[in-house]
Amino acid sequence: MDEKRTILVTGGCGFIGSNFVRYLLGKRPGWRIINLDALTYAGNPANLADFKDDERYIFVNGDICDAALLADIFMEQTIDAVVHLAAESHVDRSIHGPMTFVKTNVEGTCRLLEAALKSWRQRGEPEDFRFLHVSTDEVFGSLGPRGFFTEATPYDPSSPYSASKAAADHFVRAWNRTYGLPVVITNCSNNYGPYQFPEKLIPLMILNAAEGKELPVYGDGNNVRDWLYVDDHCKALLLVLETGRPGRTYAVGGGSQQANIDVVRHICRMVDERLGRPEGKSSQRLIKFVADRPGHDLRYAIDSTRIRNELGWRPEHDFVSALSKTVDWYLEHSDWVDSVRSGSYRQWIATNYGKRVGKNSN
Ligand code: NAD
Ligand code: TDX
């Protein structure tokens, strides 16, 4: 691919987006990145503050649903590829307020597809243009105790979040089949690492354990997720962007299935070690089993054979050591933590956990 490419990244101030922008600027120093982000509660420009004065990085504060803004961006810049990460991404929030998910994840994706298609056509349909849509394994619904998701697994989403991502995936594929837009789709498993908003399981549990607050585990804690370290995901995204086949889908998994309760126990042990808590005062005593998430998928696990065999990707981080690094990052970045836990964050914690009655783990 060209030495100098201009990439439009959406949602670059969020968790995966900010890790991806940092990864890309490091791996492809000749590229320019335009980061379009609406700065919802989940978006934080401080995640990329170190690139503020870097001429390769342009931040645009705006909404992917804003067709006029998208038209301006595609007119003013020659965009060689779009990496679409902007989304409402939290399942629990989608249960409390699904319509924002429909707006951003479905309408926003279609607006972006429309703008990309128009510009691609005006530029004579360059073959190396790519629209990389970043999706989730949650579109496939729930696995039982055995088996894996592959690219061929039928869609069966359970939550308003996953239904909105499934709809977006269908539209992206439709723009490829109907209009020929060179799209690629990734469906990945749960990510973890630095800069994840502390409403998601891993950062929430690290911070609550460190602060001596309850650790709310939904249901019996036996739901399983296939954890993918965010750097491994970024590596997969760049590989798919550069070498993925247009129209193709790639399933990306960490190969690291863990029951939620085991994840929480690992975190307790790691936080106890860091804070020098003796056994009798272990964070484990803070674990509370609380009312389950409605429609809670039992298990996700990905068979990544396609991306491994066709593109040569494999995850490099093992779960326990990358989790340990993640625990250190949160404990060492209390300024970042304080800045994202605003009044609206506290409001969310009250909304989601206020009515869940808990029982202790022992
Ligand atoms: P996040 O919630 O941390 O970040 C989302 C970003 O999108 C934020 O910066 C937010 O401000 C921005 N955004 C939201 N609505 C917008 C709008 N209308 N216009 C422009 N920007 C908007 O999400 P994340 O965890 O980084 O996830 C990124 C993508 O990866 C999402 O599409 C998500 O569905 C997908 N994904 C995430 C995971 C995971 O484990 N986090 C797993 C699989 C797939
Ligand atoms: O307080 C909690 N207690 C708990 O037991 C929270 C927040 C979560 N959980 C459970 C629910 C899930 O089984 O932990 C598991 C992980 O939950 P989340 O971190 O909310 O992630 P999940 O619902 O699995 O979705 C995530 O991975 C797939 C991302 O948020 C999605 O954007 C992505 O598509």
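Scroll up a little and you will see the structure.
These figures come from a predicted structure and were not determined experimentally.

Caption draft 1: Representation of the packing of aromatic side chains. Evaluation of the coordinates by the stated rule reveals 18 aromatic pairs. On the basis of an interplanar angle of 85° and a centroid distance of 5.9 Å, the ring pair of Y195 and W336 is categorised as edge-to-face. Highlighted residues: Y195 in the loop between β7 (191–192) and α6 (201–210) and W336 in helix α11 (residues 334–340), separated in sequence by 141 residues. Classification of W336 as buried rests on a relative accessible area of 9%. Among the aromatic residues, those joined into a cluster by ring pairs are F140, F149, Y155 and Y300. Of note, R93 hangs over the ring of Y41, and the distance from its end group to the ring centre comes to 3.6 Å. Above the plane of the ring of Y218 lies R356, whose end atom (NZ or CZ) is 4.0 Å from the centre.

Caption draft 2: Representation of empty space enclosed by the protein in the model. Per the counting criterion, the structure on display carries one cavity of 30 Å³ or more. Taken as a whole, the largest cavity spans an internal volume of roughly 50 Å³. Lining of the largest cavity is provided by V91, E138, S158, S159, R225, R293, P294, G295, H296, D297 and Y300. For the lining of the largest cavity, the per-class residue count stands at three nonpolar, four polar and four charged.

Caption draft 3: Looking closely at the site of ligand 2. Near ligand 2 lie 21 residues; those nearest to it are E138, Y161, R293, H296 and Y353. One nitrogen or oxygen atom from the side chain of E138 is found 2.7 Å from an oxygen atom belonging to ligand 2. A distance of 2.9 Å separates an oxygen atom of ligand 2 from a polar atom in the side chain of N260. Considered on its own, ligand 2 offers 650 Å² of accessible surface; in the complex 95% of this is hidden by protein. Mapped onto the shell around ligand 2, the elements with two or more residues apiece are α3 (91–96), α6 and β8 (215–218). Residue contributions to the shell around ligand 2 peak at three residues, all from β8. When grouped by side-chain class, the residues that make up the shell around ligand 2 number eight nonpolar, seven polar and six charged.

Caption draft 4: The arrangement of the side chain of R341 in detail. Of note, R341 is situated in the loop between α11 and α12 (343–353). The class of R341 is buried, set by a relative accessible area of 15%. Polar side-chain contacts of R341 include one of 2.6 Å to the side chain of E211. For R341, the residues in contact, after removing those within four places along its chain, are P198, L207, E211, K213 and R346.

Caption draft 5: Layout of the packing of helix α4 (residues 99–122) against helix α5 (residues 160–179). As a packed pair, α4 and α5 sit with axes 8 Å apart at the nearest point and diverge in direction by 15°. Relative to α5, α4 is oriented roughly parallel. Where α4 crosses over α5, the two elements pack in a sense that is right-handed. On α5, the residues that touch F101, N105, V106, T109, C110, L113, E114, L117, W120 and R121 of α4 are Y161, S164, K165, A167, A168, F171, V172, W175 and Y179. Classifying every residue of the contact of α4 with α5 gives 13 nonpolar, three polar and three charged.

Caption draft 6: Representation of the sheet that holds strand β3 (residues 57–61) in the model. With parallel pairing, the seven strands of this open sheet are ordered in space as β3-β2-β1-β4-β5-β6-β11. Each of the sheet's edge strands pairs with one partner strand only, and the pair in question is β3 and β11 (249–252). Averaged over all pairs of adjacent strands, the angle between their axes in this sheet comes to 20°, without regard to strand direction. Looking at chain direction, strand β6 (residues 183–188) and β11 are connected through four bridges and run parallel. Bridging from a neighbouring strand, T186 pairs with Y250 of β11. The sheet contacts of α4 involve β1 (6–10), β4 (81–84) and β5 (130–136), and relative to β5 the element is tilted by about 165°. Relative to β5, helix α7 (residues 230–243) is tilted by about 145°, and along the sheet it contacts β4, β5, β6 and β11.

Caption draft 7: Molecular detail of the environment of R121. Here R121 is to be found in helix α4. Along the backbone, R121 and L181 are 60 residues apart, and their C-alpha atoms lie at a distance of 9.0 Å.

Caption draft 8: Broad picture of the nonpolar core. Membership of the largest hydrophobic core comes to 38 residues, with the highest contact counts inside it found for Y192, I202, L215, I267 and I287. Looking at this core, the elements that each hand over two or more residues are α6, β8, α8 (260–275), β13 (287–290), α10 (319–332), α11 and α12. Residue contributions to this core peak at seven residues, all from α8. Core analysis: the second largest hydrophobic core is formed by 34 residues, W31, L85, V240 and W313 among them.

Caption draft 9: Geometry of the site of ligand 1. Around ligand 1, the surrounding shell holds 28 residues, and the nearest of these are I16, D37, S89, Y161 and K165. Contact between ligand 1 and T40: an oxygen atom at 3.0 Å from a main-chain N or O atom of the residue. Y161 is positioned with one of its side-chain polar atoms (N or O) 2.6 Å from an oxygen atom of ligand 1. Within the residue set of the shell around ligand 1, elements represented by two or more residues are α1 (15–27), β5 and α5. Residue contributions to the shell around ligand 1 peak at three residues, all from β5. The residue makeup of the shell around ligand 1, split by class, is 13 nonpolar, 12 polar and three charged.

Here is what the cut-offs are and how they apply
Residues numbered from 1 in each chain as written. Chains lettered and ligands numbered in written order. Predicted model: local features only at pLDDT ≥ 70, side-chain atom pairs only at ≥ 80, totals over all residues. Heavy atoms only, no water. Phe/Tyr/Trp six-rings, centres within 6.5 Å; stacked < 30°, edge-to-face > 60°. Helix = DSSP H or I, 4+ residues; strand = E, 2+ residues; numbered from the N terminus. Buried < 20%, exposed > 50% of the residue type's maximum accessible area, 1.4 Å probe, protein only. Lys NZ or Arg CZ within 6 Å of the ring centre and 35° of its normal. 1 Å grid on protein atoms, 1.4 Å probe; cavity = no way out; pocket = protein on both sides within 12 Å on 5 of 7 lines; lining within 4 Å. Points joined across faces, edges and corners; volume = space filled by probe spheres on them. Nonpolar A, V, L, I, M, F, W, Y, C, P; charged D, E, K, R; others polar. Near = heavy atom within 4 Å. Polar contact = N/O pair within 3.5 Å; in protein donor to acceptor, adjacent residues only side chain to side chain. Areas by Shrake-Rupley, 256 points an atom, 1.4 Å probe, with all protein chains shown as cover. Contact = heavy atoms within 4.5 Å. Axes fitted to C-alpha atoms, helices over the stretch in contact; angles between N-to-C directions. Parallel < 35°, antiparallel > 145°, perpendicular 65-115°, else oblique. Left-handed = near helix turned anticlockwise from the far one by under 90°. Pairing = 2+ DSSP bridges. Core = buried A, V, L, I, M, F, W, Y, C linked by side-chain atoms within 4.5 Å.

No statement about biological role is implied by the geometric values presented.
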